[in-house]
Amino acid sequence: MYFRKFFKFQVLKPLDVKTKFYNAETDEVFLEAQIQNITTSPMFMEKVSLEPSMMYSVSELNSVTAGEDGESTFGKMSYLQPMDTRQYLYCLKPKPEFAEKAGVIKGVTVIGKLDIVWKTNLGERGRLQTSQLQRMAPGYGDVRLSLEYIQDTVNIEEPFDITCKITNCSERTMDLVLEMCNSRSIHWCGVSGRQLGKLGPSASLSIPLRLLASVQGLQSISGLRLTDTFLKRTYEYDDIAQVCVVCPFWSPES
C-alpha cells in the first residue's frame, strides 16, 4: 500500500512572440515576428522559420547577400541576451494556382506558423511552435485596381508607361468604362471614356496606360475613374502610386 503524491512546478514561458502583418499592393504579405528572451540567461537561436500554409510560398528576409553566401543580419553567433528582442521578417507570395484569386479573397486567411528552436547556456534544447497565424484580408470593395508595372524614376515631359490590373471583387458581372482625369503635374495620354467590356465575378483585366509628367519631384498618380454601366456606379482611384520625376538635362555641376 502506498500514497501517490503530486508536485506542482511553475513553468515560466521562455520566449515572448508577437507578430504583425503588412499587406502590399502586389498581393504580397510581410510578416514581422518579434521574439523576446524573457529568461534570466542567454540562449542560442538555432532556428527561426516560417512554415507557410498551402496558399503561400515564403522568402526569409533575415540575411544579407554578399557574393554567393548569405550572412545573417544578426551575425555569426546568434545569441539572444536576457530581455533582448529580435525582429524577423518574412515575405509571403500567393502560389500561382491561388494568385488569380488573391484579389478576391475575403475574411480571415491562414498564413502559416512559426517554428522556433533554441539552446540554453547549458546546452538544453527547446522548441516552440505557434498556432496557425491568421490575418484579416483587406477589403477592396467591388472593384480593385492595382499596378503590375511602373517605373521608379521618369523624365519630365517624356511619356512613360504603366500597367494596371482591374479585378472584379463582386459577385456580379460588370460592364466597365475607363475615364482618365488630368492633374496639375500628371497628364494621361490616350482617349478617356474607353469601353473595357464585361468583366465577370473574380475575373481580372490588365490595361497598359501612358502618362506624361510636367512637374519635377515626387508626383502622385491619380485621376482614374471606373464606371459600371449596369448600376451607373463610379469608382474613383487617386494616389494609386508615386513616381520620381527628374530632368535629364540637369547637372549638379551647373
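Nothing here was measured: the structure is a model prediction, and the numbers come from that model.

Tallying each qualifying case throughout the model produces two aromatic pairs. Ring plane angle 55 degrees and centroid distance 4.9 Å describe the contact between F74 and Y88, whose orientation is recorded as tilted. On the criterion of sequence distance, the pair formed by F74 in the loop between β6 (69-72) and β7 (79-80) and Y88 in strand β8 (residues 85-94) is long-range, its members being 14 residues apart.

F160, I162, I166, W188, L209, L224 and L226 are the most contacted members of the largest nonpolar core, which has 29 residues in total. Listed in part, the 20 residues of the second largest apolar core include L50, Y56, Y90 and I116.

The next thing to look at is the sheet that holds strand β20 (residues 224-228). Taken together, the four strands give an open sheet; going across it, the order is β17-β15-β20-β21, and neighbouring strands pair in antiparallel fashion. Every interior strand has two partners, whereas the edge strands, β17 (194-199) and β21 (233-237), have only one. Across the sheet, the mean angle separating the axes of adjacent strands is 25 degrees when strand polarity is ignored. The pairing of strand β15 (residues 174-180) with β20 spans five bridges and is antiparallel. Bridge assignment links L176 to a residue of β20, and that residue is D228.

Looking now at the environment of Q151. Here Q151 lies in the loop between β12 (143-149) and β13 (153-155). Taking the relative accessible area as the measure of exposure, Q151 reaches 29% and is therefore partly exposed. Along the backbone, Q151 and Q242 are 91 residues apart, and their C-alpha atoms lie at a distance of 9.5 Å. Beyond its immediate stretch of four places on either side in the chain, Q151 contacts F160, D161 and V243.

Conventions and cut-offs
- Residues numbered from 1 in each chain as written.
- Predicted model: local features only at pLDDT ≥ 70, side-chain atom pairs only at ≥ 80, totals over all residues.
- Heavy atoms only, no water.
- Phe/Tyr/Trp six-rings, centres within 6.5 Å; stacked < 30°, edge-to-face > 60°.
- Helix = DSSP H or I, 4+ residues; strand = E, 2+ residues; numbered from the N terminus.
- Core = buried A, V, L, I, M, F, W, Y, C linked by side-chain atoms within 4.5 Å.
- Buried < 20%, exposed > 50% of the residue type's maximum accessible area, 1.4 Å probe, protein only.
- Pairing = 2+ DSSP bridges.
- Axes fitted to C-alpha atoms, helices over the stretch in contact; angles between N-to-C directions.
- Contact = heavy atoms within 4.5 Å.

Remember, this is a structural readout, not a statement about activity or role.
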